[in-house]
Each structure stands twice: as structure tokens, then as C-alpha cells.
Protein chains: 2
Amino acid sequence: MKIGELSQRTDTPVRMLRYYEEQGLIHSERLPNGYRSYEDYVVDRVRQVRGLLEVGLPTRIIKQILPCLDSSRAIYLPYVTPDMIATLEHERDRMAEKIECLTKNHRAINDYLDAVSHEIRAS
Amino acid sequence: MKIGELSQRTDTPVRMLRYYEEQGLIHSERLPNGYRSYEDYVVDRVRQVRGLLEVGLPTRIIKQILPCLDSSRAIYLPYVTPDMIATLEHERDRMAEKIECLTKNHRAINDYLDAVSHEIRAS
DNA sequence: TCAATGTGTGACATTGGTGTGAGGGTCAAG
DNA sequence: CTTGACCCTCACACCAATGTCACACATTGA
């Protein structure tokens, strides 16, 4: 597919798709006329990238961890440096913290909304 | 307490504390000499603010939802505009999405690390 | 063929969170 | 009284993600 379709299917500005490519997060072939051409799996990848960006990971980190999250999961041992392991462990732990924070606040908002709706019903 | 202590206790640059105040996220009294003076509860609030910032919420939104997350939770009905409710519901839903995204990726990293450690043991 | 739409590159602007430094008060300890 | 640590304000700088615009070429449909 071309960039416009990918943009629609991922609800992502074309500008950003080119940026993600520049940052090494997604890959495209080129058609004879120079247009970018994407494989289907890129749709999911873009969604994943956006998700990770939204929870505060910078592209630098996303680029590092993405290969490890590929569903076609063969482990390329040469990639597995102690450095990489450390990064992954660190990011995993940070994710756990974020999950905790979000869960807590999510619950608090929910509780509040519940309380408000009761309040309103009572008035 | 003064800003330096708050900074230490929250592991937050002084610069940022002043910024959060400017954005209306925390509050300080002033000592006679002009120094900021914080109540104890601000420590928790700063931690909460930082947590929310880390998961990608802008200060503008944090400012809106913070009052609803106060543990001393009396509902001030005048604050409860339909607008506000909509914002809260929206942010709550976004949080749920983020939790899902983080959980998925957290698990994937963990699985990967597990697989790697087995791989290493086997080699 | 013409107009509209899509794509390419490149450059510049903006925004939000953050860093940093200047210049100047406050205060406690020596 | 001086020194050093802390605080104040203000301003400028930085970075990453994103927006926007200009200009050119490609494609497609009327």
C-alpha cells in the first residue's frame, strides 16, 4: 500500500510516517516512481509505535525494543548483548511502574465519576 | 518545607517544581522572606504529577483531573460541569488504552527475556 | 488535456517539558 | 563580616514530536 492508505488505516499523519521511517521504526520499499510502498504488517507496527509513543517512550528506545517484540519471534543471538538485556529489563520495569500509576489513576477517575453520578441522582 | 527539601524528597529538579506551580499543579505559601513553603501533602502530589507526566499526560490535562483525584474527596458540585465529566471520561478511556498497550508490551519484553535466558542456558 | 489529488523532498515553526546561567537577596556557621 | 548554601526571578537554549508550507513530479478521472 502507499503512504496515504497507511495513513488512513493507522490514523497517522503522513508526515509522521515519514518521520518514523527516518527514525528507523518502520520500513518501506519504493515503487518505480519513487513512492513508498508498505507491506501489510506495517499497519500493526505503526499502531504499536504510536501506542508506545503515547505512553512516553522516545523513538530511540522504541527502536531498540521493537525487534524483540516482533511476533515472528526468532531470537537473533547476535543482537543479545548484555547492554541490550539491561535496556530491556530497565524498560520493562519502567513499564510496570507506569502500569501501576495508570491503574491507580484510572481507578480514581472511575470512582470519582461513580460518586458524581450518584450525587447527581440524589439531587 | 522549602523547595530544596521538596526537590530531594520527590527527586525532582527545583526548576520543575517552580514550573509545576506556574502551571497550577501544586501550590505554595510564601515565607516572609519570599521563599516558597510547602505543606507535606505536596510531596505526594508532586509524585503523582510526575507519574502522570511520564505516562504522557500534558500539564493542561493533569491540572483538570487532579482535583478529582484528591484523597480528601469531597465532590464540589459546582466543578462538575458536563464538560468536565466528558474530559474525565475521555481521559479515563485513554488511560485504559494505555494500560492495555503497556501490559501487552510489558509481557512481550518479559517473554523475550525469558526466552533469551533459556537460550543462553542451552548454549 | 486539464484539474484534482497524491506523493516526494526540504526547510522552517511550534509546543511542552526541561536544562542552564545570570544577577541578586537570605541566612546560618565560622 | 565573610563565605557558602539556599532561594528568588527572568531569560535564553534545547530536544523530540509534530505541524505547515513551498515546490516539483505522478496519477487519475472528467
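It should be emphasised that the depicted structure is a prediction, and the values quoted were computed from it without experimental measurement.

So, how was this worked out
- Residues numbered from 1 in each chain as written.
- Chains lettered and ligands numbered in written order.
- Predicted model: local features only at pLDDT ≥ 70, side-chain atom pairs only at ≥ 80, totals over all residues.
- Heavy atoms only, no water.
- Near = heavy atom within 4 Å.
- Polar contact = N/O pair within 3.5 Å; in protein donor to acceptor, adjacent residues only side chain to side chain.
- Helix = DSSP H or I, 4+ residues; strand = E, 2+ residues; numbered from the N terminus.
- Nonpolar A, V, L, I, M, F, W, Y, C, P; charged D, E, K, R; others polar.
- Expected span 1.5 Å × (residues − 1).
- Buried < 20%, exposed > 50% of the residue type's maximum accessible area, 1.4 Å probe, protein only.
- Contact = heavy atoms within 4.5 Å.
- Buried area = accessible area lost by both parts, 1.4 Å probe.
- Salt bridge = Lys/Arg side-chain N within 4 Å of Asp/Glu carboxyl O.
- Phe/Tyr/Trp six-rings, centres within 6.5 Å; stacked < 30°, edge-to-face > 60°.
- UniProt positions renumbered as here; feature names shortened; annotations may be inferred.
- Domains from an automatic or database assignment.

Chemist: Explain the protein's contact with DNA strand D to me, please; I cannot follow it from the model alone.
Modeler: In the vicinity of DNA strand D lie 20 residues, with Y19 and T59 of chain A together with G4, R18 and R36 of chain B positioned nearest. Each atom of DNA strand D within 4 Å of the protein belongs either to a base or to sugar and phosphate, the latter forming 69%. One of the side-chain nitrogen or oxygen atoms of N33 of chain A is found 3.0 Å away from a phosphate oxygen of DNA strand D. In this structure, a phosphate oxygen belonging to DNA strand D sits 3.0 Å away from a side-chain N or O atom of R30 of chain B. Contributing elements (two or more residues each) for the surface near DNA strand D: helix 2 (14-22) and helix 3 (41-54) of chain A together with helix 1 (3-10) and helix 2 (14-22) of chain B. Per-element accounting of the surface near DNA strand D gives the leading share, four residues, to helix 2 of chain A. Grouping the constituent residues of the surface near DNA strand D by class yields nine nonpolar, four polar and seven charged.

Chemist: Would you mind showing me how to read helix 3 (residues 41-54) of chain B here?
Modeler: Owing to its 3.6 residues per turn, the α-helix aligns residues three or four sequence positions apart on the same side. Residue and element names in this part refer to chain B. The first and last C-alpha atoms of helix 3 sit 20 Å apart over 14 residues, in line with the 20 Å expected at 1.5 Å per residue. Among all positions of helix 3, only V42, V43, R45, V46, V49, G51 and L52 are buried. Backbone geometry just after helix 3 places G56 at a positive phi near 95 degrees.

Chemist: Before we go on, may I ask you to explain the interface of chain A and chain B in this structure?
Modeler: Often, the extent of an interface is quoted as the loss of accessible area on bringing the components together. The interface of chain A with chain B comprises 36 residues on the first partner and 36 residues on the second. Summing the contributions of chain A and of chain B, the shared interface buries around 3700 Å²; its carbon and sulfur component is 78%. If you look at where chain A meets chain B, you find two salt bridges. Taking the shortest distance from any N to any O, the salt bridge between E54 of chain A and R94 of chain B comes out at 3.4 Å. In this structure, the connection of chain A to chain B is made through seven residue pairs in polar contact (both at pLDDT 80 or more). Where the side of chain A that touches chain B is concerned, the elements lending two or more residues are helix 3, helix 4 (59-69) and helix 5 (82-122) of chain A. Examining the composition of the side of chain A that touches chain B, we find that 23 residues originate from one element, helix 5 of chain A, more than from any other. Taken together, the residues of the side of chain A that touches chain B sort by class into 21 nonpolar, seven polar and eight charged.

Chemist: Please explain the packing of aromatic side chains as it appears in this structure.
Modeler: How two aromatic rings sit relative to each other is set out by the distance from centre to centre and by the angle between their planes. All names here are of chain A. Under the counting rule described, the total for this entry stands at two aromatic pairs over all chains. With centroids separated by 6.1 Å and ring planes inclined at 55 degrees, the aromatic side chains of Y19 and Y20 adopt a geometry described as tilted. On the accessibility criterion, Y20 (2% relative accessible area) is buried.

Chemist: Any chance you could explain the UniProt feature "domain: HTH merR-type" (unreviewed entry) in chain A here in plain terms?
Modeler: In this structure's numbering, the residues bearing the UniProt feature "domain: HTH merR-type" (unreviewed entry) are residues 1-68 of chain A. Regarding residues 1-68 of chain A, the helix share stands at 60% and the strand share at 6%, and the terminal C-alpha atoms are separated by 25 Å.

Chemist: How do you make sense of the domain arrangement of chain A when you look at a structure like this?
Modeler: Residue and element names in this part refer to chain A. Taken as a whole, chain A is organised into domain 1 (1-73) and domain 2 (75-123). Of note, the centres of domain 1 and domain 2, computed from C-alpha atoms alone, are 24 Å apart. Taken together, the contact between domain 1 and domain 2 spans nine residues of the former and seven residues of the latter. For the domain 1 and domain 2 pair, buried surface summed over both sides reaches about 690 Å², with 72% attributable to carbon and sulfur atoms. Counting across the domain 1 and domain 2 interface gives zero salt bridges. Between the two partners, domain 1 and domain 2, sit one residue pair in polar contact (both at pLDDT 80 or more). The dominant element in the side of domain 1 that touches domain 2, judged by the number of residues it contributes, is helix 4, at four residues. Among the residues forming the side of domain 1 that touches domain 2, the class breakdown is six nonpolar, two polar and one charged.

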